[in-house]
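Spelled out, the chains give:
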Amino acid sequence: MNNTRRKLLLVLLVLTAPFALAADRERIKEVSNNMICMCGCNQLLATCNHLNCPTRGPMQDEVAKMLDEGKTQAEILPAFADKYGLRVLAAPPTSGFNLSVWIMPFVALGIGILAVALVARRWKARSPEQGAQPDIDTSKHHKRLQEELDNYTPED
Amino acid sequence: MIYLFCGLLGGAVLAAICVPLFSKDDTLESAIIEETEWDLLQRKKEIILGNIQDLDFEHKCGKLSDEDHQKIRSEMAEEASLVLKEIDNIESSQDLDALIRREVSARKGGVREVDPALCPSCGEKNIVTSKFCAECGAKLIGQ
Amino acid sequence: MAQVGQFALALSVVVAAYSIVASLLGIRLKSDKLIASGRNAAIGVFACVTMSIVSLTYLFLIDDFSINYIAEHSNRDLPVYFKISAVWGGQEGSLLFWGWLLTVYSALVIFQNWRKHTAMMPYVTAVLMSSGLFFTAMNLFVVNPFNQVVVLQPGGVNALFVPQDGAGLNPLLQYILMVIHPPILYLGFVGFAVPFAFAIAAMASRQLGDTWIRTTRRWTMVAWFFLGTGILLGGKWAYVELGWGGFWGWDPVENASLMPWLIATAYLHSVMVQEKKGMMKVWNMVLIILTYVMCIFGTFLTRSGLVSSVHAFAQSPIGGYFLAFIVVGLSGSLYLLLDRLNYLKSDNQMESLVSRESSFMFNNLILLASCFAVFWGTIFPVISEAAPEWMGGGVKVTVGPPFFNRVNVPIAIFLLFLTGVGPLLAWRKASTNSLKRNFLWPAGIALASGVGLFFLGVDHFYAWLSLVMCIFVSLTIGREFYKGARARSVGSGENFVEAVVNLTLRNTRRYGGYIVHFGFVLLFLGWSGQAFTTDTQSETGIGETITMRQYTLRMDKLAIEEMPNYTTSKATISLFENGEKVGVLYPERRFYTSSGQPTTEVAIWSTLKEDLYVVFAGSAPDGKKAVMQVYLNPLVAWVWIGGIILGLGTLIAMLPNKKSAPRTSPVNRVEERREVEQHTT
């Protein structure tokens, strides 16, 4: 009984092996898209394509090994950062001083929105009450305006 | 060879720089013509006219409700009237400066001396007394 | 000839300096003679720098390796067109090229505008020549392309030396797109010097109507066109030459060209508010100043070695000078701006927050936020390293694609949304009624197709959102053309196609703009495809196959060929789609002899639906097999198609408006007028 079970499991494993490999490839790619290749090319580990790159292979093997050990991306990245320095991460972690790289754009956007809102309010507040100046007789200009309009073609 | 090239270049540049300095002819080529109140008003008028045209067209396209169109158009017409009035004021006042400016700007654009019988929109030559272009129906300037 | 080039360069520095002094002094002393002399001097600078660059090109063509720059960037076997492109292939030459383009622009501007804008032109000349002076002086004193090769002899004596052959042009640059990419990009960078100069001149001469904007409108579009085209060509180059499967990697060099483009785009939109309503005057000044400063900053970024990059130039001492130039230029312009604030008051007020004006403000806000995000991410590694340790700084970090994508993707999609919304809002105020009229159908259809897309299996959120927005924006643009043409054909009796054409030609700026917007939609379409790329890698021997979805690749031949300039390993691969042979691909791995550098020549099978992208990644250890990397990139072709439409739209927007107005018969016009009069009185 135990034996057949083991056999079955083996068959299943063999059958799914190609799929598992493909899945691993995807996962390795996913993780190494968040890392920089340390060969000095400054490209992502996933896309570094130097001929005989000395670091790409070993680094990806390391990733594969960690994935095999059941580690998640969230665990692998800090481990790499410990080993190679923060520089290996393709984007800084969201903690400490490095948090500022993430929040500053949104802080700037917020300030921008605030500024626009303020300016818009000021511009709106400045708008004069249009109905309050009936003393200017504009009706005689209407005809002239229409004539001007007829003659007008936009310059460019 | 080298000296020839260098000499030619140096000489040409030096001549280009010096000729205007020693030219006797005191043309007012770069006489500084600044924009006057009148110029700015003219420009403002053109802008408002353009805006009204755009507005009318957008309305015609159906992008604006009649209500919006009428409201905005009357606002714009109001603005235009104010500008027209200011232009009239300047022109009717004996502001010599402004008149000179007008003359100058007319001269500046003098190349486009308008023939009253030429249609401004399609270029068709019309009889001098016509009010509208026989070809396309546009209004003629001469009238 | 080197002496001629050197002499011309030296002369250009002196003459540029004279031109500035003469122009400014001429204004001060009200001397026409001095002003005219300053103008002629500016033309003289053009002549000098032209002479200088011609002689450098000549030296490249005759293989004069006694010149250091040529020895480093050329070799005897280099084809002639690459020898010419090598003129701008390195630090020294590209700076000279930058300066030369500037003088070309200056000369053109002077010829075009001298009589029209007499009050501004001396200032314009002075501003343009200040940039000219900086670049020519840099070339003369700091990175001189005419320096000779010098070797240190034993005993500490320097001696001249003529190498037998040059080190060759960087192989990555030996590609036809790379011949035209830098000049186009520079034409863009340098082009913004013109509107910048007019802006400064307008402030200096207190001519603060919208003359300066109208005068430089086409110049700005030309620069914007070249900058955008340059960026896209760069992307195309990266795609076909760098071989990592993508076209945009958020590299500092790419960012350097994107930043001025983003601000310039904001500027192109916000000037319309000033032209139409006389508002945002100060803001437009700020934008054009920032655009030009960003152009210089970008040039600085790529050359100073400040940030590490895939293809930044070698480190050199020019960084400090550039920084000084930027600081001086920026503070000078801003000081002038502050001084002239009184002249820049808005003529009008804002009627409503739901209006075209406010949509332009949001557009500006978003573009600038995006630019800031790019800027911040690009320089953050420097900041982080310089920051004191107690703050957590002092560490080298990398800010790469994950950061830029996460921050900029939502921003970009929101921008796309605004592209659809903005043109539908009326100037001044859009009432709910008008809004409903314009948005109900496009938004409804877009949402419905969004649901459809989801069920078709588009499960990547941003890609989905981007596609929905693409549909929405296309619909609104199509509607604009349709409604405009219909309104036109009612009065004029033109058929629909005629009406569309005439509509566009009569208001080139608006409808050209819509075409540009549509180009962007296609760009976004292609870019959304990036979310669905797949790739595979395998060692393939002759006769073996690789399968990727419906495609099968069969390795037919592996050969090594000797070319004069390089040795190449070339694979011949038959491509089958669903079992049918559709083509042959030739991916290569080249090894350049003179520089000892390998490059890859990607083979791409491109269809509208997807690109099959085959990279010869290397040879397997036994030499019998080749390592092939195959990517399947959906929709990439649309990026390039979008780029072309974008360019066409820009060109249309630059055309002068066709004058003939759509005239109905005089009788109708009288009727119309009566109607209008009734309304208005």
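Residues numbered from 1 in each chain as written. Chains lettered and ligands numbered in written order. Predicted model: local features only at pLDDT ≥ 70, side-chain atom pairs only at ≥ 80, totals over all residues. Heavy atoms only, no water.

**Section: the confidence of the model for chain B**
Heads up, the rule is: A score from 0 to 100, pLDDT tells how confident the predictor is in each residue. The criterion used for residue contact is that any of the two residues' heavy atoms lie within 4.5 Å.
Model confidence for chain B is summarised by a mean pLDDT of 72, while 55% of its residues fall at 70 or above. Long-range and interchain partners of residues 109-116 of chain B, a stretch whose pLDDT sits below 50, account for five contacts in this model, where long-range means more than four residues apart.

**Things to note about the interface of chain C and chain A**
Quick note on the threshold: Two parts lose some accessible area (1.4 Å probe) when they are put together, and adding that loss for both gives the buried area. One side-chain nitrogen of Lys or Arg within 4 Å of one carboxyl oxygen of Asp or Glu is enough to make a salt bridge.
At the junction of the two partners, chain C supplies 64 residues and chain A supplies 49 residues. Roughly 4900 Å² of surface becomes buried between chain C and chain A when both sides are summed, with 62% attributable to carbon and sulfur atoms. Among the residues chain C hides against chain A, the three largest losses belong to Gln349, Leu365 and Thr398 of chain C. Together they make up 11% of the total. The partner of lysine 29 of chain A in a salt bridge is aspartate 535 of chain C, and the shortest N-O contact between them spans 3.2 Å.

**A word on the nonpolar core**
What counts here: Here the nonpolar core consists of buried residues drawn from Ala, Val, Leu, Ile, Met, Phe, Trp, Tyr and Cys, with membership extended through side-chain atoms lying within 4.5 Å. Note on exposure labels: buried denotes an accessible area under 20% of the residue type's maximum, exposed denotes more than 50%, and partly exposed covers the range between, all computed with a 1.4 Å probe on protein chains only.
Residues Val124, Phe192, Trp212, Trp224, Met285 and Phe322 of chain C are the most contacted members of the largest nonpolar core, which totals 205 residues. Here phenylalanine 322 of chain C is in contact with Leu95, Phe134, Phe135, Met138, Ile296, Thr299 and Phe300 of chain C, once residues within four sequence places are set aside. Counting residues in hydrophobic clusters, the runner-up holds 19 residues, among them Tyr152 of chain A together with Leu55, Leu84 and Ile87 of chain B.

**So, unusual backbone geometry**
All names here are of chain C. Stated precisely, the cut-off is as follows: Comment: elements are numbered from the N terminus, with helices defined as DSSP H or I runs of at least four residues and strands as E runs of at least two.
Its identity as a non-glycine residue notwithstanding, lysine 30 has a phi of 50°, on the positive side. A positive phi angle, close to 55°, is found at tryptophan 250, a residue other than glycine. For tryptophan 250, the position within the fold is in the loop between helix 10 (217-242) and helix 11 (252-277).

**A short note on the sheet that holds strand 10 (residues 603-606) of chain C**
Residue and element names in this part refer to chain C. Worth spelling out the cut-off: Paired strands, in this sense, are two strands between which DSSP finds at least two bridges. Working convention: axes come from line fits to C-alpha atoms, limited for helices to the stretch in contact. Angles between N-to-C directions cover 0 to 180 degrees.
The four strands are arranged 3-12-11-10 in an open sheet whose pairing can be described as antiparallel. Each of the sheet's edge strands pairs with one partner strand only, and the pair in question is strand 3 (534-540) and strand 10. Averaged over neighbouring strand pairs, the angle between their axes works out to 15° when direction is ignored. Examined bridge by bridge, strand 3 and strand 12 (residues 626-634) share seven bridges and lie antiparallel to one another. Bridge pairing in strand 12 places threonine 540 opposite alanine 626.

**Comments concerning the packing of aromatic side chains**
When we look at a pair of aromatic rings, we describe it by the centre distance and by the angle of the planes. To be explicit about the condition: Note on ring pairs: Phe, Tyr and Trp rings are taken, using the six-membered ring of Trp, and paired if centres are within 6.5 Å. Classes follow the plane angle, with under 30 degrees stacked, over 60 edge-to-face and the rest tilted. We call a charge positioned above a ring when the Lys NZ or Arg CZ atom is no farther than 6 Å from the ring centre and deviates by at most 35 degrees from the ring normal.
All told, the structure shown has 44 aromatic pairs over all chains when counted by the stated rule. Where tyrosine 566 of chain C meets tyrosine 592 of chain C, the ring centres are 5.1 Å apart and the plane angle is 45°; that geometry is what we call tilted. Here tyrosine 566 of chain C, found in strand 6 (residues 566-577), pairs with tyrosine 592 of chain C, found in strand 8 (residues 588-592); they are 26 residues apart in sequence, far enough to count as distant. Tyrosine 592 of chain C matches tyrosine 566 of chain C in its accessibility class, with the two residues each being buried. An aromatic cluster of at least three residues, connected via ring pairs, comprises Trp102 of chain A together with Trp248, Trp250, Phe403 and Phe404 of chain C. In this arrangement the basic side chain of arginine 39 of chain C is found over the ring face of tryptophan 114 of chain C, its NZ or CZ atom lying 5.0 Å from the centre. The residue whose ring lies beneath lysine 570 of chain C is tyrosine 586 of chain C, and the NZ or CZ to ring-centre distance is 5.5 Å.

**As for empty space enclosed by the protein**
In this approach a probe as big as a water molecule rolls over the atoms, and the regions it shows empty are the leftover space. Where we set the bar: Here the term cavity refers to a set of points on a 1 Å grid, laid over the protein atoms alone, in which a 1.4 Å probe fits but cannot get out; the term pocket refers to an open set having protein on both sides within 12 Å along at least five of seven lines, with lining residues being those that place an atom within 4 Å of a point. Grid points are joined across faces, edges and corners, and a volume is the space filled by probe spheres set on the points.
All chains considered together, the criterion is met by seven cavities of 30 Å³ or more. Its volume calculated, the largest cavity comes out at about 60 Å³. If you go around the largest cavity, the residues you meet are Asn51, Asp54, Leu55, Glu58 and Met76 of chain B together with Lys276, Ala426 and Trp427 of chain C.

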